[in-house]
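Listed below, chain by chain, are the residues.
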Amino acid sequence: MRSAVGVWRWRQNSLRRRTDLVEAWVALVAVVLMVTASAVLGSLCGAATDRTLQRAATREQRERHATTAVVVHQTRQRNAVGDAEGVGGREGRIRVVANWTAYDGSLHTGTVAAPRRAAPAGSTFRMWTDDRGIRTSRPLDTTTAHAHAVFAGLGAAVAAAGLVEGVRRLVVWRLVRRRYARLDRAWAGYGPDWGRAGAGS
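The written sequence of each chain sets the order in which its residues are numbered from 1. In keeping with the predicted nature of the model, local features appear solely for residues at pLDDT of at least 70, side-chain atom pairs appear and are counted solely at 80 or more, and the whole-chain, interface and lining totals rest on all residues. Based on all heavy atoms of the structure, the side-chain values leave hydrogens and waters out of the count.

Brief notes about the pairing of strand β4 (residues 124–129)
Point 1. As defined by bridge partners, strand β1 (residues 65–74) adjoins β4 across six bridges and the pair is classed as antiparallel. Looking at β4, one finds that histidine 65 is bridged to threonine 129.
Point 2. Relative to strand β5 (residues 135–136), β4 runs antiparallel, the two being bridged by two bridges. Residue pairing in the sheet places threonine 129 in a bridge with arginine 135 of β5.
Point 3. At least two bridges found by DSSP between two strands are what make those strands a pair. Numbering of helices and strands runs from the N terminus, with a helix taken as a DSSP run of H or I at least four residues long and a strand as a DSSP run of E at least two residues long. Between β4 and β5, which pair antiparallel one after the other, the connecting turn spans five residues, and glycine 133 there sits at a positive phi close to 90°.

Here's what the structure looks like:
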């Protein structure tokens, strides 16, 4: 709104410089682009990201399977480790030797990360495996995928708005430098006679 007012104000003003009108128009165009182009770019980016993540979620949900693992015993490595499923940060994880049955019915034994509550032998905990029974992370769910897509769209919109604002500031900076250059040239022409009696008469 201020940009539109600025354009109107400089339209018929006798003090208007050419750079004033250009600056006002640049500000107006920047506002329009921030409102429209940024929103469109954010929507397109969010929609494209959502389609990609939804396909990935569908594939992971088809290829990854939940199973129940039975703890055989703890390993000597008792320090906390990362959670392959990304959900054990609050309770911590430990290394255990466990048995589990894969999606195809085959039996597996290996050293995996388990919740601390599952430390005693014979305890059970849920884990995710692929079709071959190899430990993997939890599959991406559609809600999380959609949330990531929304954030990606917002990020793209903010980045586009920032780019427009950066271009606007660069143009204004060049206009200001041009004004100062013209002022310096004008002062160089009239400055030496400034204040002298009869100067300019």
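Alright, that's what it looks like, and here's the rest.
With respect to the pattern of salt bridges
Proximity of charged atoms lets side chains of opposite charge pair with each other.
Point 1. Every case where a carboxyl oxygen of Asp or Glu lies within 4 Å of a side-chain nitrogen of Lys or Arg is listed as a salt bridge. By the definition in use, this model includes four salt bridges.
Point 2. The partner of aspartate 130 in a salt bridge is arginine 132, and the shortest N-O contact between them spans 3.7 Å.
Point 3. The exposure class assigned to arginine 132 is exposed, which follows from its relative accessible area of 60%.
Point 4. What you see here is one network of salt bridges that share partners, running through Glu165, Arg168 and Arg169. For the exposure calls, accessible area comes from a 1.4 Å probe over protein chains only, and a residue counts as buried if that area is under 20% of its type's maximum, exposed if over 50%, partly exposed in between.

Remarks on helix α3 (residues 37–63)
Point 1. An expected span of 1.5 Å times one less than the residue number is assigned to each helix. In this model α3 runs 39 Å from its N-terminal to its C-terminal C-alpha over 27 residues, within 8% of the 39 Å that 1.5 Å per residue would give.
Point 2. Residues of α3 that are buried include every one of Ser38, Gly42, Gly46, Asp50, Gln54, Ala56, Ala57 and Glu60, and no others.

Structural notes on a positive patch on the surface
Point 1. Grouping into patches uses exposed residues only, defined as over 30% relative accessible area, and leaves out salt-bridged ones; the cut-off is 9 Å for like charges and 5 Å for nonpolar side chains (Val, Leu, Ile, Met, Phe, Trp, Tyr). Methods summary: accessible areas were calculated by the Shrake-Rupley approach with a probe of 1.4 Å, and residue burial reflects only the protein chains presented. Note that His is not counted, nor are the chain ends; the positive residues are Lys and Arg, and the negative ones are Asp and Glu. A charge is said to be at NZ when it belongs to Lys, at CZ for Arg, at CG for Asp and at CD for Glu. A cluster of basic residues, Arg18, Arg174, Arg177, Arg178, Arg182 and Arg185, forms a positive patch on the protein surface.
Point 2. Among the elements that make up the positive patch, the one with the highest residue count is helix α4 (residues 142–190) (five residues).
Point 3. Residue classification places arginine 182 among the partly exposed positions, given a relative accessible area of 40%.

Some points on the nonpolar core
Point 1. Nine residue types can take part in a nonpolar core, namely buried Ala, Val, Leu, Ile, Met, Phe, Trp, Tyr and Cys, and a core is a set of them joined through side-chain atoms within 4.5 Å. Of all hydrophobic cores here, the largest spans twelve residues; its members are Ala69, Val71, Ile94, Val96, Ala98, Trp100, Val112, Ala114, Ala118, Ala119, Phe125 and Met127.
Point 2. Those elements giving two or more residues to this core turn out to be β1, β2 (93–101), β3 (107–115) and β4.
Point 3. By residue number, the principal contributor to this core is β2, which donates four residues.
Point 4. In contact with alanine 118, other than residues within four places in its own chain, are Val71, Ser123, Thr124 and Phe125. Contacts are residue-level and defined by heavy atoms, with any inter-residue pair within 4.5 Å sufficient.

A short note on the confidence of the model for the protein
Point 1. pLDDT is defined as a per-residue confidence score from the predictor, taking values between 0 and 100. Averaged over every residue, the pLDDT of the protein is 81; residues scoring 70 or more account for 78%.
Point 2. Least confident of the elements in the protein is helix α1 (residues 2–11), whose mean pLDDT is 51; most confident is α3, at 94.
Point 3. Within the model, pLDDT remains below 50 along residues 79–84, and this stretch shows 16 contacts once partners closer than five positions in the same chain are excluded.
Point 4. The model gives residues 86–90 a pLDDT under 50, and that stretch makes three contacts with residues more than four places away or in other chains.

Some thoughts on the packing of helix α2 (residues 18–35) against α3
Point 1. Where α2 contacts α3, the two axes come as close as 3 Å, and the packing angle between them is 25°. Here α2 lies roughly parallel to α3, going by the angle between them. Mapping the contact onto sequence places Val32, Leu33, Met34 and Val35 in α2 and Ala37, Ser38 and Ala39 in α3.
Point 2. Looking at side-chain class alone, the contact of α2 with α3 contains six nonpolar, one polar and no charged residues. The axes are straight lines fitted to the C-alpha atoms, using for helices just the contacting stretch, and the angles between their N-to-C directions are given from 0 to 180°. Here the angle decides the label: under 35 degrees means roughly parallel, over 145 means roughly antiparallel, 65 to 115 means roughly perpendicular, and every other value means oblique. Side-chain classes are defined by residue name, with Ala, Val, Leu, Ile, Met, Phe, Trp, Tyr, Cys and Pro counting as nonpolar, Asp, Glu, Lys and Arg as charged, and the others, Gly among them, as polar.

Brief notes about the environment of valine 22
Point 1. Mapped onto the fold, valine 22 is located in helix α2.
Point 2. Here valine 22 falls in the partly exposed class, since its relative accessible area comes to 30%.
Point 3. C-alpha of valine 22 to C-alpha of valine 172: the two residues are 150 residues apart in sequence and 8.9 Å apart in space.

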